[in-house]
Amino acid sequence: MINLEVPKKFTGLVRQAHQVSKEVLRANSRKYDLAEHAYPKELDMLAALVDGMNDGGGQGAGAAGVRRDKSDDTSNKNGSNLSTALGVIEMCWGDVGLLLSMPRQGLGNSAIASVADDEQLERFGGRWAAMAITEPGCGSDSAAIRTTAVKDGDHYILNGEKIYVTAGDRADLVVVWATLDKSVGRAAIKSFVVEKGTPGFELVRLEKKLGIKSSDTAAFVLKDCRVPAENLLGDATVNVEKGFAGVMQTFDNTRPLVAAMAIGLARAAIEQTRSLLEEAGVEIDYDQLATKQTAAAAEFIRMEADYEAARLLMMEAAWMADNRKPNSLQASMAKAKAGRACVDITLKCVELCGNLGYTENSLLEKWARDSKILDIFEGTQQIQQLIVARRLLGKSSAELK
Amino acid sequence: MARGLRVLNRLAGGTLLDRLGVRKQSERAIYHASRTGFGVAAAAARSFKGSKPNGAKRLPNVGDPGLFDLTPSEDQAMLQDAAQRFADEALRPAAADANEASTADQALLDMANELGIAILGIPEELGGAGTERSTVTNVLVAEALAHGDMGLAFACLAPSAVSNALVLWGNAEQQGTYLPAFTEESSPVAALALAEPTPLFDPMTPATTATPVDGGWTLSGIKSLVPNAASCELLIVGAMVEGEGPALFVVESDPARMKIAADPAMGLRAAATGQIRFDEVVVPASARLGASAEAATAAYRECVRLSRLAWCAMAAGTGKAVLDYVIPYVNDRQAFGEPISHRQSVAFMVANIAIELESMRLTTLRAASLAEQGKPYAREAAIARRLCVDKGMQIGSDGVQLLGGHGFTKEYPVERWYRDLRAIGVMEGGLLV
């Protein structure tokens with residue numbers, strides 16, 4: 001039966017996540033925006049709590065819950081993809097950078113949750129994993145990865161350079177994308193779990209950024225870095241037919257989560273703006289025509305419309321994952337809509353609130369800086385549109401470049 | 001719902017569709033005779049002879065399922081499928097001619113009636129097939145029909161706006177008098193008339209007035225873009241009661257005091273839209289929907305919201321028609337030695353149509369599901385409308401753009417969809433889910 005409300009069974013989780021987000025994330029939001037690269041120690045206590053939430057039935061607020069269960073049951077499911085996304089919304093209402101710095105909730109954890117086998121899941125469980133895809137010479141074009149992995153006995157030897165590794169300095173593990181054979185292209189790209197402290201795996205620097213400053217963004221070099229063969233996630237064989245599917249599968253589960261981040265952030269800005277506008281005497285009447293309201297009220301409803309659209313697209317994608325339906329198209333649609341809506345909304349909120357929005361006395365200006373990354377990482381707006389367009393039009397990446 | 005499904009199966013069986021095309025397009029002379037001024041009297045009303053049930057019948061709210069779910073129920077899926085078939089096989093092929101003729105073929109309207117759209121919303125006690133509120137089902141059906149053609153869908157669905165309103169807000173007498181007629185084979189031509197010809201029209205403050213007189217009301221004013229205006233037998237009219245607020249009135253056609261002028265518009269032409277002028281039309285005291293002034297205004301307000309949602313559903317249906325049409329077109333159309341879909345500026349336009357279309361659908365479904373569960377939905381309806389107005393029109397415009405010069409000609413349907421999609425945000429009333 002068609003129903004688009006937050007499932008009743010998750011309202012407790014959402015309330016709990018919201019409380020935590022308010023007391024810990026929002027409360028420390030400005031502090032770590034100003035103190036870039038300082039370790040947010042307040043999160044250690046919180047991470048233990050999130051672990052507990054995850055253990056209590058897989059309804060976490062972090063990234064580790066996005067695994068697709070195998071089952072023949074076809075009844076409607078609201079599972080961990082949806083609950084995790086709902087938790088992420090609440091946390092990012094508090095602070096996106098701090099959520100990204102949450103111990104053991106990295107995108108590497110999502111990758112492990114999505115593609116690891118049971119033995120690996122056991123071995124890497126409970127540890128903090130970052131994700132290293134981007135290189136100085138390749139961003140969106142992940143098929144152009146130059147980091148190499150060469151089999152040597154029971155190990156792979158990794159060589160290359162990785163940048164923009166979120167939580168790279170703080171995590172215990174880094175999931176590194178590398179190619180087994182550059183001449184084969186996408187099909188040869190595999191992901192490897194590299195333990196911090198492995199000889200040859202060196203931190204080069206931490207980036208200074210426009211926003212999400214509380215999240216560390218690391219650059220690494222890999223120099224003859226030996227990684228145990230059993231740390232390769234998924235299938236070790238190079239299967240040109242199956243191509244990129246193995247590593248890309250992660251994105252079907254993580255893109256809705258990044259959309260959820262954008263949605264949480266957008267909601268923070270919308271709520272703050274609403275209260276400032278109402279203090280200023282702006283009335284918002286949902287029954288009234290846009291043309292008969294103040295421009296600010298009409299603009300506000302327009303922002304809410306884009307916000308709601310993004311939120312529902314995200315819920316659709318997560319719900320499909322919970323019900324084991326293929327959702328690449330919906331995941332990219334959600335990410336595209338949420339990414340651009342979040343940037344538009346946070347920037348518009350600054351404009352609507354004027355000097356109050358632009359100063360560091362409120363968080364609106366920070367949110368308008370934080371938002372931009374959400375339309376970039378985990379696949380830019382343009383990449384999402386390419387994915388959507390290729391699927392709709394039935395085009396290969398060689399045809400629709 | 002069982003009875004409605006039986007009707008649908010009959011339709012899906014094919015005999016009805018086979019009848020199509022047999023009858024020639026019967027243009028209603030009025031549209032060519034009276035394009036200036038209110039020259040023509042309204043149609044004569046049939047005599048509505050219903051029974052009087054004990055107390056008004058309302059459809060109960062749908063229960064809260066507790067889980068997020070985008071899968072239609074089995075019944076909904078069957079109806080959606082039948083409506084889609086009707087839209088593909090009957091409405092789409094008739095759309096261009098109906099647009100030219102500014103009217104819908106009577107055979108088509110009869111077939112739509114046989115689809116059982118109206119009776120699904122009428123309680124079983126009153127001869128219908130409804131067991132609970134069906135806002136979501138109505139949205140799915142409207143969407144499916146508008147995928148065929150928005151103008152024809154408007155013509156087909158217009159009577160159900162009146163029956164839905166009577167079920168939602170009518171008293172026992174109103175329901176008993178009028179609703180049985182909607183379950184019959186030749187159901188009445190009926191319309192919900194809210195819109196008025198004025199810029200920045202606010203449905204909450206109509207210029208049409210209802211003035212209390214001895215034993216009843218007199219209605220005066222002009223309603224515009226009324227579907228099937230010339231043949232309308234029964235109307236629900238929005239009018240302002242001074243000192244009390246806007247309300248809905250049940251009005252039987254009165255040729256002496258109601259005059260019709262053709263009101264052909266940019267789009268929705270198959271719905272034979274017209275203006276109706278009410279010159280002190282007298283209706284009984286019981287004509288107002290709602291037991292008290294407060295209840296009447298609350299009903300009116302909800303009517304405006306549900307009507308806007310219906311237009312959102314239409315936008316989603318026609319938007320999908322655009323998407324389904326442009327995909328093969330941009331793949332086939334060659335320029336510079338390859339399909340134009342190989343260009344990002346073209347491909348991204350298609351991607352954005354799909355993204356915003358899904359946004360429109362989901363926000364509309366959310367508002368509809370809240371409505372049928374009896375929960376507040378004013379904000380959600382406003383949000384759906386905002387998206388459907390902005391993105392729906394953008395989709396219409398992009399549809400023409402993607403076809404270039406072709407899109408501008410009547411050889412292709414996208415120019416009609418462009419005109420039809422401009423109706424969203426302009427139309428108030430006419431439909432009700």
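Since the model is a prediction, treat every value here as computed from it, not as a measurement.

## Looking at the overall build of chain B
Phase 1: From N to C terminus, chain B includes 13 helices and ten strands.
Phase 2: Here the C-alpha radius of gyration of chain B, 21 Å, is about what a compact globule of 433 residues would show, namely 22 Å.
Phase 3: Buried residues in chain B amount to 58% of all 433 residues.
Phase 4: Look at the contacts in chain B between residues 6 or more apart in sequence, and 79% of them connect residues 24 or more apart.

## Topic: the interface of chain A and chain B
Phase 1: Counting residues at the interface gives 37 residues for chain A, matched by 38 residues for chain B.
Phase 2: Looking at the side of chain A that touches chain B element by element, the count peaks at eleven residues for helix 9 (residues 295–322) of chain A.
Phase 3: Among the residues making up the side of chain A that touches chain B, the classes are represented as 21 nonpolar, five polar and eleven charged.

## What to know about the packing of helix 13 (residues 381–393) of chain A against helix 11 (residues 344–372) of chain B
Phase 1: Running from amino to carboxyl end, helix 13 of chain A crosses helix 11 of chain B at an angle of 90°, the nearest separation of the two axes being 8 Å. Our classification of the angle between helix 13 of chain A and helix 11 of chain B gives roughly perpendicular. Seen from helix 13 of chain A, the contacting residues are Gln385(A), Val388(A), Ala389(A), Leu392(A) and Leu393(A); seen from helix 11 of chain B, they are Ala347(B), Phe348(B), Val350(B), Ala351(B), Ala354(B) and Ile355(B).
Phase 2: Of the residues assigned to the contact of helix 13 of chain A with helix 11 of chain B, the class counts are ten nonpolar, one polar and no charged.

## What to know about the nonpolar core
Generally speaking, a soluble globular protein has its nonpolar side chains buried in company with each other.
Phase 1: Met314(A), Ala142(B), Phe249(B) and Val350(B) are the most contacted members of the largest nonpolar core, which totals 270 residues.
Phase 2: At 19 residues, helix 10 (residues 293–332) of chain B tops the list of elements feeding residues into this core.
Phase 3: Once residues within four sequence positions are removed from consideration, Phe249(B) is found in contact with Ala210(B), Trp217(B), Leu219(B), Ile236(B), Val237(B), Ala239(B), Val283(B), Ala287(B) and Arg288(B).

## Digging into the domain arrangement of chain A
Residue and element names in this part refer to chain A.
Phase 1: Split into domains, chain A comes out as domain 1 (8–121), domain 2 (129–233) and domain 3 (245–393).
Phase 2: On a C-alpha basis, the centres of domain 2 and domain 3 stand 30 Å from each other.
Phase 3: Facing seven residues of domain 2, the contacting portion of domain 3 comprises eight residues.

## Here we look at unusual backbone geometry
Phase 1: You will see that Tyr164(A), though not glycine, has its phi angle at about 55°, which is positive.
Phase 2: One can find Tyr164(A) in strand 3 (residues 155–166).
Phase 3: For Tyr164(A), a count of 20 C-beta atoms within 10 Å corresponds to the buried category.
Phase 4: Of note, the phi angle at Ser102(B) is positive, near 55°, even though the residue is not glycine.
Phase 5: You can see Ser102(B) is positioned in the loop between helix 4 (74–101) and helix 5 (106–115).
Phase 6: The class for Ser102(B) is buried, based on 20 C-beta atoms found within 10 Å.

## Structural notes on the environment of Leu210(A)
Residues and elements named next belong to chain A.
Phase 1: Mapped onto the fold, leucine 210 is located in the loop between strand 6 (201–206) and strand 7 (217–228).
Phase 2: Judged by C-beta crowding, with 11 C-beta atoms within 10 Å, leucine 210 ranks as exposed.
Phase 3: Put simply, leucine 210 and lysine 372 are 162 residues apart on the chain and 8.4 Å apart in space, counted from C-alpha to C-alpha.
Phase 4: Leave out the neighbours within four places in its chain, and leucine 210 touches Arg369 and Lys372.

## With respect to the packing of helix 4 of chain B against helix 5 of chain B
Residue and element names in this part refer to chain B.
Phase 1: Remark: helix 4 packs on helix 5, axes separated minimally by 12 Å, with the N-to-C direction vectors making an angle of 175°. If you check the angle between helix 4 and helix 5, you find them roughly antiparallel. Across from Ala82, Ala83, Phe86, Ala90 and Ala94 in helix 4, the residues of helix 5 making contact are Leu108, Met111 and Leu115.

## With respect to the domain arrangement of chain B
Residue and element names in this part refer to chain B.
Phase 1: In terms of domain boundaries, chain B breaks down into domain 1 (2–27 + 48–187) and domain 2 (304–421).
Phase 2: Its C-alpha centre places domain 1 at a distance of 23 Å from the equivalent point of domain 2.
Phase 3: Contacts between the two partners involve 19 residues from domain 1, matched on the other side by 20 residues from domain 2.
Phase 4: Of all elements in the fold, only helix 4, helix 7 (135–148) and helix 8 (150–169) reach the threshold of two or more residues within the side of domain 1 that touches domain 2.
Phase 5: Ranked by residue count, the leading element in the side of domain 1 that touches domain 2 is helix 7, at nine residues.

## Some words on the pairing of strand 2 (residues 148–152) of chain A
Walk down a regular strand and you will see the side chains alternate between the two sheet faces.
Residue and element names in this part refer to chain A.
Phase 1: Of the pairings in the sheet, the one linking strand 2 to strand 3 comprises five bridges and is antiparallel in character. Bridging across to strand 3, lysine 151 finds its partner in tyrosine 156.
Phase 2: Taking the residues that link successive antiparallel strands as the turn, the strand 2-strand 3 hairpin has two residues, and the phi of glycine 153 there is positive, at about 65°.

## Concerning helix 5 of chain B
Residues and elements named next belong to chain B.
Phase 1: For helix 5, the set of buried residues is Leu108, Leu109, Ala112, Asn113 and Leu115. For helix 5, the buried positions fall inside an angular range of 150° around the axis, keeping them on one side.
Phase 2: Downstream of helix 5 by one or two residues, glycine 116 has phi in the positive range, about 85°.

## Side note on helix 12 (residues 378–403) of chain B
Residue and element names in this part refer to chain B.
Phase 1: Spanning 26 residues, helix 12 covers 37 Å between terminal C-alpha atoms, matching the ideal 38 Å at 1.5 Å per step.
Phase 2: Of all 26 residues in helix 12, 19 are buried, a share of seventy percent or more.
Phase 3: Just downstream of helix 12 lies glycine 404, where phi reads positive at about 60°.

## Considering the pairing of strand 7 of chain A
Residue and element names in this part refer to chain A.
Phase 1: Where strand 3 and strand 7 come together, nine bridges link them in antiparallel fashion. By the bridge assignment for strand 7, lysine 162 is matched with phenylalanine 220.
Phase 2: In this structure, strand 6 lies alongside strand 7, joined through five bridges in antiparallel fashion. Bridging across to strand 7, arginine 205 finds its partner in alanine 219.

## A short note on the confidence of the model for chain B
All names here are of chain B.
Phase 1: Averaged over every residue, the pLDDT of chain B is 91; the share at 70 or more is 91%.
Phase 2: Segment residues 10–34: pLDDT under 50, and 39 contacts once partners within four positions in sequence are set aside and those in other chains are kept.
Phase 3: Taken over the whole predicted complex, pTM reads 0.93, whereas the ipTM for its chain interfaces reads 0.92.

About the criteria used
Residues numbered from 1 in each chain as written. Chains lettered and ligands numbered in written order. Predicted model: local features only at pLDDT ≥ 70, side-chain atom pairs only at ≥ 80, totals over all residues. Helix = DSSP H or I, 4+ residues; strand = E, 2+ residues; numbered from the N terminus. Rg over C-alpha atoms; globule rule 2.2 N^0.38 Å. Buried ≥ 20, exposed ≤ 12 C-beta atoms within 10 Å, placed from the backbone. Contact = placed C-beta atoms within 7 Å. Nonpolar A, V, L, I, M, F, W, Y, C, P; charged D, E, K, R; others polar. Axes fitted to C-alpha atoms, helices over the stretch in contact; angles between N-to-C directions. Parallel < 35°, antiparallel > 145°, perpendicular 65-115°, else oblique. Core = buried A, V, L, I, M, F, W, Y, C linked by C-beta atoms within 7 Å. Domains from an automatic or database assignment. Pairing = 2+ DSSP bridges. Arc of directions from axis to C-beta. Expected span 1.5 Å × (residues − 1). pLDDT = per-residue confidence, 0-100.

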